[in-house]
Amino acid sequence: MVRVHNFNVSSDGYAAGEGQSLERPFGHADPAALFSWTGATASWPTRTDPGGTRGLDDYLVRDFHRNIGAEIMGRNKFDPHRGPWRDLDWQGWWGDEPPFHTPVFVMTHHERPSFTLSDTTFHFVNGDAQDVLELALAAADGKDVRLGGGADTIRQFLDADLVDTLHVAVAPVELGAGSRLWSSPEELLDRYHRDVVPSDSGVVHHLFWRK
């Protein structure tokens with residue numbers, strides 16, 4: 001199964017703003033406005049203080065890693081630069097302990113050698129959605145493949161009809177420009193069933209599964 005899970009967008013459909021840089025992975029967007037619901041949960045992995053919310057938000061945070069055997073992401077979820085790699089010492093925004101804990105396949109037109117940080121190995125592959133998915137499914141060894149983003153990468157897989165389930169959390173903020181997942185979630189209803197569940201945190205969870 002190919003899953004999009006805990007993917008966050010603004011109310012006007014943008015997953016990131018314009019002007020992405022090393023210092024601002026989400027461009028002009030404030031990531032706290034998109035992701036604060038996750039960090040408030042009791043199960044948020046980097047929580048250092050006791051407490052946190054329970055309920056649906058917490059369940060979805062806990063479900064993020066369930067049965068995941070590999071992840072696929074676009075180049076600009078890993079690195080803000082375009083074109084040939086400028087610095088092979090750059091190993092992503094996540095430090096020495098990336099949160100993926102599986103093989104990760106980074107889609108890029110400019111390949112580079114694989115490397116491992118803790119229990120995550122990054123592979124850099126040049127191919128279309130179907131080709132990359134075949135690699136990820138083989139690495140997942142019977143488990144699910146998580147499609148991590150960004151929005152352009154998810155759209156590639158949606159357009160190729162390769163996504164089985166999607167969970168998109170819509171935050172009550174407008175960005176106006178950037179990397180857009182959709183103009184409206186209604187665009188997917190020709191192929192997917194959908195439940196829409198508002199949360200006390202302010203986000204609205206859209207849960208899609210194939211018809």
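What this report covers is the structure whose coordinates are included nearby. As the structure is a prediction and not an experimental result, all values here were calculated from the model.

Cut-off values and rules
- Residues numbered from 1 in each chain as written.
- Predicted model: local features only at pLDDT ≥ 70, side-chain atom pairs only at ≥ 80, totals over all residues.
- Heavy atoms only, no water.
- Helix = DSSP H or I, 4+ residues; strand = E, 2+ residues; numbered from the N terminus.
- Rg over C-alpha atoms; globule rule 2.2 N^0.38 Å.
- Buried < 20%, exposed > 50% of the residue type's maximum accessible area, 1.4 Å probe, protein only.
- Pairing = 2+ DSSP bridges.
- Axes fitted to C-alpha atoms, helices over the stretch in contact; angles between N-to-C directions.
- Contact = heavy atoms within 4.5 Å.
- Salt bridge = Lys/Arg side-chain N within 4 Å of Asp/Glu carboxyl O.

1. Overview of the overall build of the protein chain
Then comes step 1: Across its full length, the protein chain carries 5 helices and 11 strands.
Then comes step 2: Computed over its C-alpha atoms, the radius of gyration of the protein chain comes to 17 Å, within 12% of the 17 Å expected for a compact globule of 211 residues.
Then comes step 3: Viewed in the frame of its principal axes, the protein chain has a C-alpha envelope of about 45 × 40 × 35 Å.
Then comes step 4: Expressed as a percentage of the 211 residues in the protein chain, the buried residues total 45%.

2. Some thoughts on the sheet that holds strand E7 (residues 144–149)
Then comes step 1: Judged by pairing direction, the sheet is mixed, and its 9 strands sit side by side in the order E5-E6-E4-E3-E7-E1-E8-E11-E10 without closing on themselves. The outermost strands of the open sheet, each flanked by one partner alone, are strand E5 (115–117) and strand E10 (192–198). Neighbour-to-neighbour, the strand axes of the sheet open up by a mean angle of 20°, direction not taken into account.
Then comes step 2: The sheet contact formed by strand E3 (residues 68–74) and E7 spans 5 bridges and is parallel. Bridging across to E7, methionine 73 finds its partner in glycine 149.
Then comes step 3: Packed onto the sheet, helix H5 (residues 151–159) meets strand E1 (2–9), E3, strand E4 (103–107), E7, strand E8 (165–170) and E10 and runs at close to 135° relative to E7.

3. Details of the pairing of strand E6 (residues 120–125)
Then comes step 1: In the sheet, E4 pairs with E6 via 5 bridges, with the strands oriented parallel. In the strand pairing of E6, valine 106 is matched with phenylalanine 124.
Then comes step 2: Inspection of the sheet shows E5 paired to E6 by 3 bridges, in the antiparallel sense. If you follow leucine 117 over to E6, its bridge partner there is threonine 120.
Then comes step 3: Taking the residues that link successive antiparallel strands as the turn, the E5-E6 hairpin has 2 residues, and the phi of serine 118 there is positive, at about 55°.

4. A few points about the pattern of salt bridges
Then comes step 1: Within the structure shown, the criterion is met by 16 salt bridges.
Then comes step 2: With a shortest N-O distance of 2.9 Å, glutamate 186 and arginine 194 are connected by a salt bridge.
Then comes step 3: Residue glutamate 186 is classed as partly exposed on the basis of its relative accessible area of 46%.
Then comes step 4: What makes arginine 194 partly exposed here is its relative accessible area of 23%.

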